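Architecture and fold: a report
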Amino acid sequence: MKAYSLFLFFLLSALLITGCGRDRTPVSETGFYFDTAVTITLYDMGASPPSTAGDILEGCFALCGTYEAMLSRTAEGSDIWKINHAGGAPTEVDPETAALLEKALYYCRESGGAADITIAPLSALWGFSSAAARQAHTVPDARQIREALAHVDYRAVHIDGNTVTLTDPRAALDLGCIAKGYIADRLKEYLISRGVRSAIINLGGNVLTLGGRPDGTPFRLGIRRPFSPENVPIAVLDASDVSLVSSGVYERCFELDGVRYHHLLDPRNGMPMENGLLGVTILSESSTDGDMLSTVCFLMGPEAGMEYVESLPGIEAVFITEDYTLHPSSGLSGRLQTP
């Protein structure tokens with residue numbers, strides 16, 4: 001899923017400094033979904049007895065399996081797989097899939113096409129998925145890029161109720177820029193329904209917190225220093241009930257003949273985006289929005305991206321430029337701490 005999500009951390013990795021009370025032992029479990037490791041840690045289960053932790057976590061991973069089977073581009077029979085293999089024929093999908101596609105298309109329009117969910121032909125050509133990463137990377141030639149670009153246009157996606165049609169039969173969808181955030185939000189809803197009051201949901205670096213630490217203090221979350229092999233943070237901040245999602249040039253990349261190529265592709269020319277940024281981190285209440293916005297704002301660039309963030313209520317961001325300077329949005333002024 002975010003075929004973009006190799007486990008070793010999406011631009012942002014979380015430092016989980018829990019500080020739990022002696023009588024509250026965190027319960028954590030990890031599974032592998034969406035081409036990434038998913039770790040869910042329960043800190044305070046409210047009135048639920050500790051013995052229910054296993055059942056709650058089992059329910060979480062059952063949800064992960066359900067959404068992987070629905071939204072993965074590569075899982076045969078998923079809604080996205082069916083749309084991509086329909087040859088342009090109308091395809092009926094789950095109402096949740098249709099609604100998520102609508103939201104993703106909204107952000108494609110808002111960004112003026114800087115972000116495009118029909119990027120799949122191009123990203124497949126570059127081969128940044130984890131499966132492809134095990135093979136030798138090559139740079140596609142100009143002809144291949146032109147051919148793939150001819151089928152990248154979000155305006156080819158038409159939604160009528162729960163029916164989705166690609167007007168270009170060779171177009172293909174990839175919800176890697178939004179699906180993990182959506183699933184994190186659904187997992188949080190599920191945990192709340194089970195009475196959990198404090199938890200952290202980590203989908204390969206997409207971090208969503210439920211409440212704060214059991215002692216009432218906020219979690220301390222770290223923004224990963226780009227290219228740090230041990231996920232050393234470049235900054236930390238205190239936060240509760242927040243989503244922390246990043247997109248950056250070092251999440252999935254390769255180097256060839258001294259040139260580094262990364263997976264954040266420019267839909268205008270088919271090449272990795274070059275705009276002076278190493279990464280963008282988004283803080284928001286909704287992980288769905290945060291996931292999409294981290295990609296949107298990176299591709300929009302530092303000036304237009306920050307201007308867009310400042311126009312959105314409840315959204316904050318940290319842009320990291322190539323000189324490793326942090327550029328926080330106005331609402332984060334004074335909140336970032338150096339480790």
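Everything quoted here is computed from the prediction, not taken from an experiment.

For the structure shown, the criterion picks out six aromatic pairs. For the ring pair Tyr43 and Phe219, a centre distance of 5.5 Å and an interplane angle of 50° mean the geometry is tilted. Of the two residues, Tyr43 is situated in strand 2 (residues 36–44) and Phe219 in strand 8 (residues 219–224); the sequence distance between them amounts to 176 residues. The burial state of Tyr43 is the same as that of Phe219; both residues are buried.

Inspection of the sheet shows strand 3 (residues 91–92) paired to strand 5 (residues 163–166) by two bridges, in the antiparallel sense. Counterpart to Glu92 in the pairing with strand 5 is Thr163. Of the pairings in the sheet, the one linking strand 4 (residues 157–160) to strand 5 comprises four bridges and is antiparallel in character. Each residue of the ladder has a partner; that of His158, found in strand 5, is Thr165. In this antiparallel pair of consecutive strands, strand 4 and strand 5, the connection spans two residues, and Gly161 shows a positive phi of 65°.

Our next topic: the sheet that holds strand 2. The strand order across the open sheet formed by eight strands is 1-2-6-7-10-13-14-15, and the pairing between neighbours is antiparallel. The sheet is open, and its two borders are formed by strand 1 (27–33) and strand 15 (326–328), each paired with just one other strand. When strand polarity is set aside, the average angle formed by the axes of neighbouring strands in this sheet is 15°. In terms of strand pairing, strand 2 meets strand 6 (residues 198–203) through six bridges, oriented antiparallel. Note on strand 6: the bridge partner recorded for Val38 is Leu203. Lying on the sheet, helix 1 (residues 53–71) is in contact with strand 1 and strand 2; it crosses strand 1 at an angle near 20°.

The strands that make up a sheet are held in pairs by hydrogen bonds between backbone atoms, and each pair lies either parallel or antiparallel. The three strands are arranged 3-5-4 in an open sheet whose pairing can be described as antiparallel. Whereas interior strands pair on both sides, the edge strands pair on one side only; in this sheet they are strand 3 and strand 4. Running at roughly 135° to strand 4, helix 3 (residues 95–110) makes contact with strand 4 and strand 5 of the sheet.

Checked against the element boundaries, Gly181 lands in helix 7 (residues 179–193). The class for Gly181 is buried, based on a relative accessible area of 0%. In contact with Gly181, not counting residues within four places along its chain, are Asn206, Ser287, Thr288 and Asp291.

We now examine the packing of helix 1 against helix 7. It is at 10 Å that the axes of helix 1 and helix 7 come closest, and there the two elements cross at 150°. Comparing the axis directions of helix 1 and helix 7 gives the class roughly antiparallel. Considering how the two elements wind past one another, helix 1 and helix 7 form a crossing that is right-handed. Every residue of helix 7 that contacts helix 1 at Asp55, Ile56, Gly59, Cys60, Leu63, Cys64, Tyr67 and Leu71 is listed here: Ala179, Tyr182, Ile183, Arg186, Leu187, Tyr190 and Leu191. Partitioning the contact of helix 1 with helix 7 into residue classes produces 12 nonpolar, one polar and two charged.

Structurally, the position occupied by Thr281 is in strand 13 (residues 277–284). Taking relative accessible area as the criterion, Thr281 reaches 0% and is therefore assigned buried. Only 2.6 Å separates the side chain of Thr281 from the side chain of Ser246, close enough to count as a polar contact.

Moving on: the environment of Ser28. The topology assignment puts Ser28 in strand 1. For the pair formed by Ser28 and Asp215, sequence separation is 187 residues and the distance between their alpha carbons is 18 Å. Side chain to side chain, Ser28 and Thr41 meet in a polar contact 3.0 Å long.

What follows covers the nonpolar core. For soluble globular proteins, the rule of thumb is that nonpolar side chains tend to be buried together. Of all hydrophobic cores here, the largest spans 87 residues; its most connected members are Ile40, Leu42, Ile117, Leu175, Leu191 and Met292. No other element matches helix 1, which puts nine residues into this core.

Two elements in contact, helix 7 and helix 8 (residues 287–300), have axes whose closest approach is 7 Å; the angle formed by their N-to-C orientations is 165°. When the interaxial angle is binned, helix 7 and helix 8 end up roughly antiparallel. Of the two elements, helix 7 crosses helix 8, and the hand of that crossing is right-handed. When helix 7 is examined against helix 8, the residues Ala179, Lys180, Gly181, Tyr182, Ala184 and Asp185 are found in contact with a partner set consisting of Ser287, Thr288 and Asp291. Broken down by class, the residue content of the contact of helix 7 with helix 8 amounts to three nonpolar, three polar and three charged.

About the cut-offs
- Residues numbered from 1 in each chain as written.
- Predicted model: local features only at pLDDT ≥ 70, side-chain atom pairs only at ≥ 80, totals over all residues.
- Heavy atoms only, no water.
- Phe/Tyr/Trp six-rings, centres within 6.5 Å; stacked < 30°, edge-to-face > 60°.
- Helix = DSSP H or I, 4+ residues; strand = E, 2+ residues; numbered from the N terminus.
- Buried < 20%, exposed > 50% of the residue type's maximum accessible area, 1.4 Å probe, protein only.
- Pairing = 2+ DSSP bridges.
- Axes fitted to C-alpha atoms, helices over the stretch in contact; angles between N-to-C directions.
- Contact = heavy atoms within 4.5 Å.
- Parallel < 35°, antiparallel > 145°, perpendicular 65-115°, else oblique.
- Left-handed = near helix turned anticlockwise from the far one by under 90°.
- Nonpolar A, V, L, I, M, F, W, Y, C, P; charged D, E, K, R; others polar.
- Polar contact = N/O pair within 3.5 Å; in protein donor to acceptor, adjacent residues only side chain to side chain.
- Core = buried A, V, L, I, M, F, W, Y, C linked by side-chain atoms within 4.5 Å.

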